[in-house]
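# A structural walkthrough
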Amino acid sequence: MFEKPLGMRDTLPEMYAMKKQVRKQLETEMSGWGYQMIETPTLEYYETVGLASAILDQQLFKLLDQQGNTLVLRPDMTAPIARLVASSMKGEAYPLRLSYQSTVYRAQQHEAGKPAEFEQLGVELIGDGTVSADGEVIALMASALKRAGLSHFKIAIGHVGYVNALLEDIVGERADELRRFLYEKNYVGFREHVKSLPISSIDKGRLLGLLKLRGGKGTMEEAAKLISNEEGSKAIAELTELWQVLENYGIEQYVKVDLNLVLHMSYYTGAVFEGYGSNLGVPLCSGGRYDELLGKFERPGQATGFGVRLDLLVEALGEMNTKQKKTCIVFSKERRAEAFQEAASMRAKGESVVVQDIAGVGDVDGMSEQFTEVYYFIGAKKGDA
Ligand SMILES: N[C@@H](Cc1c[nH]c[nH+]1)C(=O)O
């Protein structure tokens, strides 16, 4: 009857409590690694941040301001942070380590149960082009997931430079179509498309070989067999070093290489990654290197970062024990002052206490069921309850 716009969700008390608990763990981990929280506005100009976000135009919520400018609801935090670093934080030296906890908006075309508004927590490491920086954000992401209580997860690591080098070497400008199949994880479609291409059977074999480039450290050697140009070799060297960095962090057991990985944001330029919980088919966090984005805001800088979807992480964690003791003091006006005093002293000890005038309740039994403990301050004198 009272429907919400497509993709909009309410958060009920239990979910709110779970989100709060998980958010706190993620924030604590990110600040433990020296990342500083920032906030940016919900609305940005379409012409600058909107376009830089590099997401499909139809996924943007657009509106007009009083001056006739087109605004967007931010579809992610990476482009707003690039704008911020290039303007208000212009004077601060690179590398910068920033973190955020914000709602982002992505319009949905159909009712597919996907939210159009969701909370992301993440970090951006800006002004550092080293593989150590890629390793740092991946290791931080793994630590944050662990701290939130997720014990079984995998992080798939790919490289945009490798995929581009291979596809463009073989099909040139038509690489986009193949990239789209990879982005959609439609490997059957990819295979069919490759078969239909007017290219040599050796090249078809190389393209199909890409689909097999998944696994551990050895994947990089297999990858080197398919492409030998400069861009491809550079990507493989970076991934090899990245694997070593992750070994140094001692987290290689959480990581696998997946050279089919193509993410939804088109600003990525290097190593990219996605994290999965064991019981969820969709990635609950992702990120990667974007070395060109800051240049669009006239403060060039190499950068990498990630975002965790709070709703999906909470889902992956499943049932959580967020049940708090819930106390209610029911009073009648004769003992009102006493009830208030008792509530104040319990609250001072950290308890959460509801005080309820008995005259305001129709169904006393129904109300009491909502609480773990109910005290009655009713009747003329103390001790009557
Ligand atoms: N902003 C990206 C995640 C990311 C942060 N930094 C780099 N990538 C997203 O919403 O998917």
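Source: prediction; values computed, not measured.

Reading the values: rules and limits
Residues numbered from 1 in each chain as written. Predicted model: local features only at pLDDT ≥ 70, side-chain atom pairs only at ≥ 80, totals over all residues. Heavy atoms only, no water. Axes fitted to C-alpha atoms, helices over the stretch in contact; angles between N-to-C directions. Helix = DSSP H or I, 4+ residues; strand = E, 2+ residues; numbered from the N terminus. Parallel < 35°, antiparallel > 145°, perpendicular 65-115°, else oblique. Contact = heavy atoms within 4.5 Å. Nonpolar A, V, L, I, M, F, W, Y, C, P; charged D, E, K, R; others polar. Pairing = 2+ DSSP bridges. Phe/Tyr/Trp six-rings, centres within 6.5 Å; stacked < 30°, edge-to-face > 60°. Buried < 20%, exposed > 50% of the residue type's maximum accessible area, 1.4 Å probe, protein only. Lys NZ or Arg CZ within 6 Å of the ring centre and 35° of its normal. Salt bridge = Lys/Arg side-chain N within 4 Å of Asp/Glu carboxyl O. pLDDT = per-residue confidence, 0-100. UniProt positions renumbered as here; feature names shortened; annotations may be inferred. Polar contact = N/O pair within 3.5 Å; in protein donor to acceptor, adjacent residues only side chain to side chain. Left-handed = near helix turned anticlockwise from the far one by under 90°.

Bringing the packing of helix H1 (residues 13-32) against helix H12 (residues 310-317) into the picture now. Contact geometry of H1 with H12 gives a least axis separation of 10 Å together with a crossing angle of 105 degrees. Here H12 runs roughly perpendicular to H1, going by the angle between their axes. On H12, the residues touching Met 15, Met 18, Lys 19, Val 22, Arg 23 and Leu 26 of H1 are Leu 310, Leu 313, Val 314 and Leu 317. Considering only residue class, the contact of H1 with H12 consists of eight nonpolar, no polar and two charged.

Attention now moves to the sheet that holds strand S5 (residues 96-105). Read from one edge to the other, the open sheet built from nine strands follows the order S1-S5-S6-S12-S11-S10-S7-S9-S8, with strand pairing classed as mixed. The open sheet terminates on both sides in strands that have one partner only, identified here as strand S1 (36-37) and strand S8 (214-215). As judged from the four bridges shared by strand S10 (residues 271-277) and strand S11 (residues 285-289), these two strands associate in the antiparallel manner. Residue Phe 273 lies in a different strand from S11, and its bridge partner there is Gly 287. Across the sheet, H1 lies against S1, S5, strand S6 (117-126) and strand S12 (303-309), angled at about 5 degrees from S6, the strand it touches most.

Once that is clear, we can look at the packing of aromatic side chains. For any two aromatic rings, the description comes down to two numbers: the centre-to-centre distance and the angle of the planes. Within this structure, the stated rule accounts for five aromatic pairs. Seen from their ring centres, Tyr 267 and Tyr 268 are 5.0 Å apart, and the 70 degrees between their planes marks the pair as edge-to-face. Judged on exposure class, the residue Tyr 267 and its partner Tyr 268 are both buried. What links up through ring pairs into an aromatic cluster is the set Tyr 267, Tyr 268 and Tyr 290. The lysine or arginine in question, Lys 62, covers the ring of Tyr 46, its NZ or CZ lying 4.6 Å from the ring centre. One cation-aromatic arrangement involves Lys 326 over Phe 371; the distance from NZ or CZ to the ring centre is 5.9 Å.

In total, this model carries 24 salt bridges according to the counting rule given. With its nearest N and O atoms 2.8 Å apart, the salt bridge here joins Arg 179 to Asp 176. One end of the pair is Arg 179 and the other is Asp 176, both in helix H6 (residues 175-183) and three residues apart, which spans about a single turn. The class of Arg 179 is buried, set by a relative accessible area of 18%. Arg 214 serves as the salt-bridge partner of Asp 258, at 3.4 Å between the closest nitrogen and oxygen. You can see Asp 258 sitting in strand S9 (residues 255-258) and its partner Arg 214 sitting in strand S8, a full 44 residues away along the chain. Arg 214 gets classed as partly exposed once you look at its relative accessible area, which sits at 40%. A single salt-bridge network, built from bridges that share partners, covers Arg 9, Arg 309 and Asp 311.

Taken as a whole, the protein chain shows an average pLDDT of 95; of its residues, 99% reach a score of 70 or greater. Of the two predicted TM-score estimates for the complex, the pTM is 0.93 and the ipTM is 0.98.

What follows deals with the UniProt feature "domain: Aminoacyl-transfer RNA synthetases class-II family profile" (unreviewed entry) in the protein chain. Under the present numbering, the feature "domain: Aminoacyl-transfer RNA synthetases class-II family profile" (unreviewed entry) in UniProt falls on residues 18-317. In residues 18-317, the share of helix is 43% and the share of strand is 21%. The end C-alpha atoms are 10 Å apart.

The next subject is the UniProt feature "binding site: L-histidine" (unreviewed entry) in the protein chain. Here the UniProt feature "binding site: L-histidine" (unreviewed entry) sits at Asp 76, Met 77, Thr 78, Arg 106, Gln 120, Glu 124, Tyr 267 and Tyr 268. For Asp 76, the location among the structural elements is in the loop between strand S4 (70-73) and helix H3 (78-86). Apart from the residues within four sequence positions on either side, Asp 76 is in contact with Ser 53, Val 104, Arg 106, Gln 120, Met 265 and Tyr 267. At a separation of 3.4 Å, a polar atom in the side chain of Asp 76 contacts the side chain of Thr 78. The topology assignment puts Glu 124 in strand S6. You can call Glu 124 buried: its relative accessible area is 1%.

Turning our eyes to something else, we now look at the packing of helix H4 (residues 131-148) against helix H10 (residues 230-248). Here H4 crosses H10 at 50 degrees, and the two axes come no closer than 9 Å. Taken together, H4 and H10 sit at an angle that is classed as oblique. The two elements H4 and H10 cross, and the hand of that crossing is right-handed. Residues Val 131, Ser 132, Asp 134, Gly 135, Ile 138 and Ala 139 of H4 touch H10, and the partners they reach there are Glu 238, Glu 241, Leu 242, Val 245 and Leu 246. The residue makeup of the contact of H4 with H10, split by class, is six nonpolar, two polar and three charged.

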